[in-house]
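In case you want the letters, here they are:
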Amino acid sequence: MNSVTLGQPCKEWLKINLLIKNVEITDAEKKTAGHVLIKDGYIINVISGRKIPPGLEERLIKESIQIIDGKGLTLMPSFVDMHTHLRDPGDTQQEDLVSGQRAALKGGYTSLCTMANTSPCCDSKDIIEYIQTKSKKLNLCDIYQISSLSKGLRGKETVNIDEMLNFTKLFSDDGKTILDEKFMEKSLRLSEEKDFMIMTHSQPEVEIVKRDLNLLKENGGKLHICHISKAKTLQLIKRYKDKGLCFSGEVTPHHLYAYGLNYKVNPPFRTAEDVEALIVGLKRGYIDIIATDHAPHTELDKKHGAPGISSIEIAFSLVNTVFLDYGLDLQFLSRVMSYNPAKLLGRKSGLIKEGFKGDVVLVDPTEKYEIRPTGFLSKGKNSPFAGEIVQGKVKMTIRAGQILYLN
């Protein structure tokens, strides 16, 4: 097949209809050997079984449809990240919309919810238009830009919600905690009235999550709890969900993969007991999704105490490695990294199913490799996992039938 070079502008990348044959098809609903045909950006046929119908390949070749032999690999829906920091505008020495999206594609992601703590922050029509216009021109990933909830991320004065709703239904002051209880109460009521989601950064975690769940119970609203990291937080979530309160929450790959590390992240690495609780919370559906909280920084920024990990390129590998230890399969991984976040965003993706978007990823779930941050496509090389051996590697990422990453 033709090759793709990541350094090329997107207009030179492959834009073709595809038959991906001889793969193990795995998503949240099924696991089967088969073949998948993608045309005009959408999955139009999923053929189960080892054999391809007689004459199909010959006919497709005549129609100039590219055939990819994925023998030995697993085809999954591409991943959806509901929590990413791309630093553009303002801090492009750390990351920008090009480097961040290329890193995402290397990690198997084609859809990104990008946080508002840019510089200036995304609290106005001009900033969100800049990000969305630039993203559309690049045409790499589907970008869901998040608006800040408060002006200047100060947690006091609400942004122009009606204006920002023309561009997004996601609002967050992530990176900063909304400490003003009256402001949070007002915001939850607005989210119920105007149908948008609030994504919260909670520190101190247990106290703020408890406050917000009580406010949600009293006022209604649409709440998503970011980067859950503590067993005590999970106990709260379980209690409220068991009583029928509707909200969602996420955990990061690094909070599942490691504990007790002396490496600055927000929230911090927790204990082994916390990790065990988070796994149980995922298994039982109390935590809905895994989101990266990809937070790229320069080496100097980290030396000065900036919290965060550059993680989007290794997220699948970290999660797959952890899940293998806990007996969780790729179907479950696909549920929490593709199907559930796609459903939260209202996307018709996250399954390998006829009529769904042709966003898929070819992975080798058995391949082991050493994490080498110096080779990241992200500008952020900040990771405590250098030298770690992980299992599971992304080999190809396809968005709407276009091959945008080849390992």
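Whatever comes next refers back to the structure up there.
Residues numbered from 1 in each chain as written. Predicted model: local features only at pLDDT ≥ 70, side-chain atom pairs only at ≥ 80, totals over all residues. Heavy atoms only, no water.

## Some remarks on the overall build of the protein chain
Part 1 of the argument: The number of helices and strands found in the protein chain is 12 helices and 16 strands.
Part 2 of the argument: For 407 residues, the compact-globule estimate of 2.2 N^0.38 gives 22 Å, and the C-alpha radius of gyration of the protein chain, at 21 Å, lies within 12% of that figure.
Part 3 of the argument: Taken along the three principal axes of its C-alpha coordinates, the protein chain extends 65 × 45 × 45 Å.
Part 4 of the argument: Here the protein chain holds 407 residues, and the buried ones make up 60% of them. (Helix = DSSP H or I, 4+ residues; strand = E, 2+ residues; numbered from the N terminus. Rg over C-alpha atoms; globule rule 2.2 N^0.38 Å. Buried < 20%, exposed > 50% of the residue type's maximum accessible area, 1.4 Å probe, protein only.)

## Quick notes on the sheet that holds strand 10 (residues 197-200)
Part 1 of the argument: Judged by pairing direction, the sheet is parallel, and its 5 strands sit side by side in the order 9-10-11-12-13 without closing on themselves. Bordering the open sheet on either side are strand 9 (170-172) and strand 13 (289-290), each of which pairs with just one other strand.
Part 2 of the argument: Bridge count between strand 9 and strand 10: 3 bridges; the pairing is parallel. Residue pairing in the sheet places S172 in a bridge with M199 of strand 10.
Part 3 of the argument: Against the sheet, helix 5 (residues 181-194) engages strand 10 and strand 11 (223-225), with an angle of about 145 degrees to strand 10. (Pairing = 2+ DSSP bridges. Contact = heavy atoms within 4.5 Å. Axes fitted to C-alpha atoms, helices over the stretch in contact; angles between N-to-C directions.)

## Here we look at the pattern of salt bridges
Part 1 of the argument: Summed over all chains, the structure comprises 30 salt bridges.
Part 2 of the argument: Notably, a salt bridge pairs K21 with E57, separated by 3.0 Å at the nearest N-O pair. With K21 in strand 1 (residues 18-26) and E57 in helix 1 (residues 56-62), the pair connects residues that are 36 residues apart, well separated along the chain.
Part 3 of the argument: The exposure class of K21 is buried, given its relative accessible area of 13%.
Part 4 of the argument: Classification of E57 as partly exposed rests on a relative accessible area of 24%.
Part 5 of the argument: One network of salt bridges, in which partners are shared, links D142, R347, K357, D359 and R399. (Salt bridge = Lys/Arg side-chain N within 4 Å of Asp/Glu carboxyl O.)

## Regarding the pairing of strand 6 (residues 79-84)
Part 1 of the argument: In terms of burial, strand 6 is largely enclosed, as 6 of its 6 residues are buried.
Part 2 of the argument: Relative to strand 7 (residues 109-114), strand 6 runs parallel, the two sharing 4 bridges. Bridge pairing links D81 to L112 in strand 7.
Part 3 of the argument: As for the winding sense of the linkage, the β-α-β connection from strand 6 through helix 2 (residues 97-106) to strand 7 is right-handed. (Right-handed = clockwise from strand over helix to strand, strands pointing away.)

## Digging into helix 12 (residues 330-345)
One turn of the α-helix equals 3.6 residues, which is why residues spaced by three or four share an orientation.
Part 1 of the argument: Between the first and last C-alpha of helix 12 there are 22 Å, a value that for 16 residues agrees with the 22 Å anticipated at 1.5 Å per step.
Part 2 of the argument: Helix 12 sits mainly inside the fold: 12 of its 16 residues count as buried.
Part 3 of the argument: Buried residues of helix 12: L330, F332, L333, S334, V336, M337, S338, Y339, N340, P341, A342 and L345, and no others.
Part 4 of the argument: A side-chain oxygen of the first residue of helix 12 lies 3.2 Å from the backbone nitrogen of Q331; this N-cap is D329. (Expected span 1.5 Å × (residues − 1). Polar contact = N/O pair within 3.5 Å; in protein donor to acceptor, adjacent residues only side chain to side chain.)

## Brief notes about the packing of aromatic side chains
Part 1 of the argument: Within the structure shown, the criterion is met by 6 aromatic pairs.
Part 2 of the argument: With centroids separated by 5.5 Å and ring planes inclined at 20 degrees, the aromatic side chains of F79 and F316 adopt a geometry described as stacked. Taken together, the positions of F79 in strand 6 and F316 in helix 11 (residues 315-326) put the pair 237 residues apart, joining distant regions of the chain. Like F316, F79 is buried. (Phe/Tyr/Trp six-rings, centres within 6.5 Å; stacked < 30°, edge-to-face > 60°.)

## Focus: unusual backbone geometry
Part 1 of the argument: Cis geometry is adopted by the peptide bond preceding P89, which originates at D88 and carries an omega value of 15 degrees.
Part 2 of the argument: Among the structural elements, P89 can be located in the loop between strand 6 and helix 2.
Part 3 of the argument: The omega torsion across Q203 and P204 is 5 degrees, close enough to zero to call that bond cis.
Part 4 of the argument: Inspection of the secondary structure assignment puts P204 in the loop between strand 10 and helix 6 (205-219).
Part 5 of the argument: With phi around 55 degrees, D40 is a residue other than glycine that occupies positive phi space.

## Considerations on the environment of D81
Part 1 of the argument: Tracing the chain through its elements places D81 in strand 6.
Part 2 of the argument: In sequence terms D81 and S111 are 30 residues apart; their C-alpha atoms lie 6.2 Å from each other.
Part 3 of the argument: Ignoring any residue separated from it by four or fewer positions in sequence, one finds D81 in contact with Y109, S111, L112, C113, A291, T292 and I312.
Part 4 of the argument: Within the local environment of D81, its side chain forms a polar contact with the backbone nitrogen of H83, the two atoms lying 3.1 Å apart.
Part 5 of the argument: Within the structure, D81 has its side chain in polar contact with the side chain of T292 (distance 2.4 Å).

## Regarding the pairing of strand 5 (residues 74-77)
Part 1 of the argument: Of the pairings in the sheet, the one linking strand 1 to strand 5 comprises 2 bridges and is parallel in character. Looking across to strand 5, one finds that E24 is bridged to T74.
Part 2 of the argument: Judged from the 4 bridges that link them, strand 5 and strand 14 (residues 360-370) form a sheet pairing that is antiparallel. Within strand 14, the position partnered with L75 by the bridge is L362.

## A word on the sheet that holds strand 7
Hydrogen bonding along the main chain pairs the strands of a sheet, whether they run parallel or antiparallel.
Part 1 of the argument: Read from one edge of the open sheet, 3 strands run 6-7-8, paired in parallel fashion. The sheet is open, and its two borders are formed by strand 6 and strand 8 (142-145), each paired with just one other strand. Strand-to-strand twist across the sheet, computed as the mean angle between neighbouring axes with direction ignored, equals 15 degrees.
Part 2 of the argument: Examined bridge by bridge, strand 7 and strand 8 share 4 bridges and lie parallel to one another. Paired with C113 across the bridge in strand 8 is Y144.
Part 3 of the argument: Strand contacts of helix 2: strand 7 and strand 8, with the helix running at about 135 degrees to strand 7, the strand carrying the most contacts.

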